[in-house]
Amino acid sequence: MNGTIKVAALAALLVSGAAFGADPSTDTADPSADRTAESDQKKQDEHPLPDFSQLDTNRDGGISKDEAREQSWVASRFGELDADKNGKLSTDEYQKAVDMSKPPNP
Ligand SMILES: [Ca+2]
Ligand SMILES: [Ca+2]
């Protein structure tokens, strides 16, 4: 009468025992967990700016804010670079941007 219960208990015991025996080795370290933010220091190391003529897409001799938008480096400094505040960067003004974008001479 209690036979089935005993069998069930035994089966449960066997299953848990088997689970123990099949314990997988846990020394597989997760490589992604070891990742540090070391490369965060490395910002945009260089700003290779294109030629003036590449940015002056409408060939009016100046780089408008719209034209500069493709170059986020220039766009973010547009007000600073536009020395005469005419809303466009002349070749001279753009050259300054190029100079600024280069690392300083040692
Ligand atoms: Ca233009
Ligand atoms: Ca200007």
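Thresholds applied
- Residues numbered from 1 in each chain as written.
- Chains lettered and ligands numbered in written order.
- Predicted model: local features only at pLDDT ≥ 70, side-chain atom pairs only at ≥ 80, totals over all residues.
- Helix = DSSP H or I, 4+ residues; strand = E, 2+ residues; numbered from the N terminus.
- Buried ≥ 20, exposed ≤ 12 C-beta atoms within 10 Å, placed from the backbone.
- Contact = placed C-beta atoms within 7 Å.
- Core = buried A, V, L, I, M, F, W, Y, C linked by C-beta atoms within 7 Å.
- pLDDT = per-residue confidence, 0-100.

Caption draft 1: The arrangement of the overall build of the protein chain in detail. For the protein chain, the helix and strand inventory stands at six helices and two strands. Going from the N terminus to the C terminus, the protein chain shows its helices and strands as α-α-β-α-α-α-β-α. When burial is assessed residue by residue, the protein chain has 10% of its 106 residues classed as buried. Sequence separation of 24 or more characterises 34% of the internal contacts of the protein chain that already satisfy a separation of 6 or more.

Caption draft 2: The arrangement of the nonpolar core in detail. With seven residues, the main nonpolar core is built from L55, I63, A68, V74, L89, Y94 and A97. With residues up to four places along the chain from it excluded, the contact list for A97 reads L49, V74, R77, L81 and L89.

Caption draft 3: Focus on the environment of T91. Secondary-structure assignment places T91 in helix α6 (residues 91-101). Separated by 35 residues in the primary sequence, T91 and D56 have C-alpha atoms spaced 9.7 Å apart.

Caption draft 4: Highlighting the confidence of the model for the protein chain. Taken over all residues, the pLDDT of the protein chain has a mean of 80, while the share at 70 or more is 64%. Across residues 40-44 the pLDDT falls below 50, and counting only partners more than four positions away or on other chains, this stretch makes zero contacts in the model.

Caption draft 5: Geometry of unusual backbone geometry. At R59, a position not held by glycine, the phi torsion is positive, near 55°. Note that R59 resides in the loop between α2 (52-55) and β1 (63-64). The backbone of K85 sits at a positive phi, close to 55°, despite the residue not being glycine. For K85, a count of 7 C-beta atoms within 10 Å puts it in the exposed group.

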